[in-house]
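Reading the structure
The lines below spell out each chain.
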Amino acid sequence: MSSLTEKDRPIVQLLLSTGTCPRCILRFCRVGSQMLYRHPHEDLMKDLQEFLKSSQEKEDTVCLDVADPPCKRIRLEHGEEGADELNYNGAIPQLPSAGDGNSATESPALKVCNVCLGILQEFCEADFVKKVCQKVNSADYQFTSFVFSVSLPPQLSVRERAAWLGVKQQMRNLGLPLAKDDIIQLKEAYKWIIHPQLSEELGVPADGKSLFEVSVVFAHPETDEECHFLATACPDCFKPAKNKQSVFTRMAVIKALEKIKEVDFLKHFPCPPSSPKNLCDALEIQCNNGAIFVAGRYNKYSRNLPQTPWIIDGERKLESSVEELISEHLMAEFKADSFNFSSSGREDVDVRTLGNGRPFAIELVNPRRIHFTAEEMRKLQQAINDSSDKIQVRDLQLVTRSAIGRMKEGEEEKTKTYSALIWTDKAIQREDIAFLDDIKELKLDQKTPLRVLHRRPLAVRCRLIHTMKSEYIDEHHFRLHLKTQAGTYIKEFVHGDFGRTKPNIGSLLNRTADILELDVESVDVDWPPTLAD
Amino acid sequence: SRICVITLAEAHPLLQSGKTIKNINYQISANCSRLQNKVSGKSKRTCLFIFQMQGAQFLTELAPLCRISSSDGEEYTIYSCIRGRLIEVNENILSNPALLQEKPSTEGYIAVVLPKFEESKSITQGLLTQKEYEEVLLKRRSSAS
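Model, not experiment: these values are computed from the prediction.

What counts as what
Residues numbered from 1 in each chain as written. Chains lettered and ligands numbered in written order. Predicted model: local features only at pLDDT ≥ 70, side-chain atom pairs only at ≥ 80, totals over all residues. Heavy atoms only, no water. Helix = DSSP H or I, 4+ residues; strand = E, 2+ residues; numbered from the N terminus. Buried < 20%, exposed > 50% of the residue type's maximum accessible area, 1.4 Å probe, protein only. Areas by Shrake-Rupley, 256 points an atom, 1.4 Å probe, with all protein chains shown as cover. Pairing = 2+ DSSP bridges. Axes fitted to C-alpha atoms, helices over the stretch in contact; angles between N-to-C directions. Contact = heavy atoms within 4.5 Å. Salt bridge = Lys/Arg side-chain N within 4 Å of Asp/Glu carboxyl O. Parallel < 35°, antiparallel > 145°, perpendicular 65-115°, else oblique. Left-handed = near helix turned anticlockwise from the far one by under 90°. Nonpolar A, V, L, I, M, F, W, Y, C, P; charged D, E, K, R; others polar. Phe/Tyr/Trp six-rings, centres within 6.5 Å; stacked < 30°, edge-to-face > 60°. Lys NZ or Arg CZ within 6 Å of the ring centre and 35° of its normal. UniProt positions renumbered as here; feature names shortened; annotations may be inferred.

**Quick notes on the overall build of chain B**
- For chain B, the count of helices and strands is five helices and seven strands.
- Split into buried and exposed, the 145 residues of chain B put 39% on the buried side.
- Carbon and sulfur atoms provide 52% of the accessible area of chain B, an area that totals close to 8,600 Å².

Printed below as a string of structure tokens:
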């Protein structure tokens, strides 16, 4: 085998005879050629045996090590090396000869590897790949690439350590120097082998940044208890588990393995590790798509509609909500698991939102469909608008997660304009309210309104009323248009909230005033981008 | 919302004509002043609203809120009458005591109390409606004469 050199011989010999599979052996010899790992299991076995048999007098047993260093990137690299670098002769797998006492008398291909527990054996085969792809295809996701994530049982790290210690010991016994212990990571090698196969079956490339994740959880209950000795050796590595989950997480086990001394390790764990009876189980194969964000602006024409569902003690107080009316259609089209609705501020149940509407964004969690053309989005917008006269949406579009920040900044920084219908107890004449039009940048001190005190902290907020414009109606009514700073409580500015908002319309007019109707005329945020219809 | 605003009932002597308020004092005892009620706030983004309540004084029905002395020498103690956490006392009536008499039900309020969530309903049910209150007053006057 071209990538192995003389110094690897004792390692190969030891590992092969103690029940380690060919691919794990390559890992321990730090072979970095991805292509090699993809060779069929039987061929690799044959190669290793050939390697061991080859005479030690050969001058040029040191062949070229493949140039590429172990590649941590998941991205497929086509044509990274030619197939003809290997001294590979014929495809006939041979049973190992018992002559040089290298391997067990039974076919090693059937023995479950004592290090990877079958991960680099069975779980690299076409059958498993088919199983995964079947799951993916039946889940009916739209995707253009995938990231494959694998969860391995923690005892693999323990077994790897044990096998390596055995190798170190052997080298010491033979009086040979040992190179650095940067073994190829099991997960990495696994991905080298399985990514091309998955990619071929699914028809899309593997990409570490992909939003579509296929995940598999492996477990090996037969050896679960092998980690337990670490808890006594390094108790502070293991924190009490939440929710009945095992204390022996991968991270905790790795941490403990870093801490424990070789000597102590060997006291508690067999070296070399034993051959397990069974393979790992692939517990779950799951698919998940990264969240998609849809933004737009909504108008609210009802005075009887909350923004979010109004439920007290499990009982819905008012039918429907802005959020539900919009997201119902999106959920159906995008086929998502759930949604998160957010907007640039809110209005009360009894307040209408007019003008260009209020910016909002909906996060659709784990959507099955992700591709929508501008035309399809327009149709979706129309469908929402046709379904209800209580709300209307515009500028419906897909946005990125980072765009949400712009909306939230609008909530705190940008101005809003309102129209309020105001009643006064004592009569008013036109002249009595005219002066309001001349007041600019009126400073208010607003204590947290009583009506929200049960869910907001008590505080005083300073807010500005930038401009006002009054419209006289009759002796007890007038309409007031105002442009205010974000976060101003308009109703409280009108009725004074037991004198806790000062000044207020009542104090300015020297009367008792109350608000009959409120409309939001505009939310002055220039996001999301306006779409030409 | 479960917020309760404590105000003087209309039949309270202080609201009868002729009375002038001399002084309002939120100092209940040597160690307890309603003015020192600490209700610390947190930004609305963090869900630590409960946190602010822990500093606030808890009132039972008979807890005094303040003492008011009128210019004719009488002194009145105003009790909470509601069990709950004291959110704020109205400092405006300290600077302007007349407010208490002119606008007792609005700007002249005395304090704001937030009952416990579990007790909120039973407390509301224990209160009198305006009509029921007027009936009580009627009975009181007829039995006095």
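**A word on the sheet that holds strand 3 (residues 281-289) of chain A**
All names here are of chain A.
- Read from one edge to the other, the open sheet built from three strands follows the order 1-2-3, with strand pairing classed as mixed. Whereas interior strands pair on both sides, the edge strands pair on one side only; in this sheet they are strand 1 (147-151) and strand 3. On average, each strand axis in the sheet is inclined to that of its neighbour by 20 degrees, with strand direction left out of account.
- In terms of strand pairing, strand 1 meets strand 2 (residues 212-219) through five bridges, oriented parallel. Across the sheet, residue Ser149 finds its bridge partner in strand 2, namely Ser215.
- Set on the sheet, helix 7 (residues 186-202) makes contact with strand 1 and strand 2; between it and strand 1 the angle comes to about 140 degrees.

**A look at the pattern of salt bridges**
All names here are of chain A.
- Summed over the entire model, instances satisfying the criterion amount to 31 salt bridges over all chains.
- Here Arg316 makes a salt bridge to Glu324, at a shortest N to O gap of 2.8 Å.
- On the basis of relative accessibility, which here comes to 37%, the residue Arg316 falls in the partly exposed class.
- Taking relative accessible area as the criterion, Glu324 reaches 23% and is therefore assigned partly exposed.
- In this structure, the salt-bridge partner of Asp497 is Arg500, at a minimum N-O distance of 2.9 Å. Both residues of the pair, Asp497 and Arg500, count as buried.
- Through salt bridges with shared partners, a single network forms among Arg303, Arg352, Arg479, Glu517 and Asp519.

**Section: the packing of helix 5 (residues 126-138) of chain A against helix 7 of chain A**
Residue and element names in this part refer to chain A.
- Interhelical geometry of helix 5 versus helix 7 gives an angle of 50 degrees and a closest axis separation of 10 Å. When the axes of helix 5 and helix 7 are compared, the pair comes out oblique. Our pair here, helix 5 against helix 7, has a crossing hand that is right-handed. For the pair helix 5 and helix 7, the contacting residues are Ala126, Phe128, Val129, Val132, Cys133, Val136 and Asn137 in the first and Tyr190, Ile194, Gln197, Leu198, Glu201 and Leu202 in the second.
- Residues of the contact of helix 5 with helix 7, tallied by class, amount to ten nonpolar, two polar and one charged.

**Quick notes on unusual backbone geometry**
Residues and elements named next belong to chain A.
- Following Lys502, the chain continues into Pro503 via a peptide bond in cis, with omega recorded as -10 degrees.
- Structurally, the position occupied by Pro503 is in the loop between strand 14 (501-502) and helix 16 (505-509).
- Positive phi, normally seen in glycine, also occurs at Asp497, with a value near 50 degrees.
- For Asp497, the location among the structural elements is in the loop between helix 15 (490-495) and strand 14.
- The exposure class assigned to Asp497 is buried, which follows from its relative accessible area of 5%.
- Positive phi, normally seen in glycine, also occurs at Asn510, with a value near 60 degrees.

**Notes on the sheet that holds strand 1 (residues 4-6) of chain B**
Residue and element names in this part refer to chain B.
- Taken together, the four strands give an open sheet; going across it, the order is 1-7-6-3, and neighbouring strands pair in antiparallel fashion. Across the chains shown, the open sheet's two edge strands, defined by having one partner strand only, are strand 1 and strand 3 (58-59).
- When strand 6 (residues 84-89) meets strand 7 (residues 111-114), the two strands line up antiparallel, connected through four bridges. In the strand pairing of strand 7, Leu86 is matched with Val113.

**Considerations on the packing of aromatic side chains**
All names here are of chain A.
- For the structure on display, the rule yields 18 aromatic pairs over all chains.
- Between the aromatic rings of Phe123 and Phe218, the centroid separation amounts to 4.8 Å while the plane-to-plane angle is 65 degrees, which identifies the pairing as edge-to-face. Remark: Phe218 occurs in strand 2 and Phe123 occurs in the loop between helix 4 (41-53) and helix 5; sequence separation between them is 95 residues.
- Ring centres of Phe341 and Phe360 lie 5.9 Å apart, and the angle between their planes is 15 degrees; this geometry places the pair in the stacked category. Of this pair, Phe341 sits in strand 7 (residues 338-343) while Phe360 sits in strand 8 (residues 351-365), and the two are 19 residues apart along the sequence.
- For Phe341, a relative accessible area of 14% translates into the label buried.
- Here a set of aromatic residues connected by ring pairs shows up, and it is made of Phe123, Phe128, Phe148, Tyr190 and Phe218.
- The side chain of Arg369 reaches across the aromatic face of Phe372, ending 4.1 Å from its centre.

**Comments concerning the UniProt feature "domain: Pus10-like C-terminal" (unreviewed entry) in chain A**
- The residues that UniProt annotates with the feature "domain: Pus10-like C-terminal" (unreviewed entry) are residues 293-524 of chain A.
- The span residues 293-524 of chain A carries 23% helix and 40% strand; its end-to-end C-alpha distance comes to 22 Å.

**Things to note about the pairing of strand 8 of chain A**
Residues and elements named next belong to chain A.
- Summarising burial for strand 8: eleven of the 15 residues are buried, a large majority.
- Direction of pairing for strand 4 (residues 292-300) relative to strand 8: antiparallel, over a ladder of eight bridges. Note that in strand 8 the partner of Arg297 across the bridge is Pro359.
- Alignment of strand 7 against strand 8, held across six bridges, turns out to be antiparallel. In the sheet register, Phe339 faces strand 8, and the bridge partner there is Leu364.

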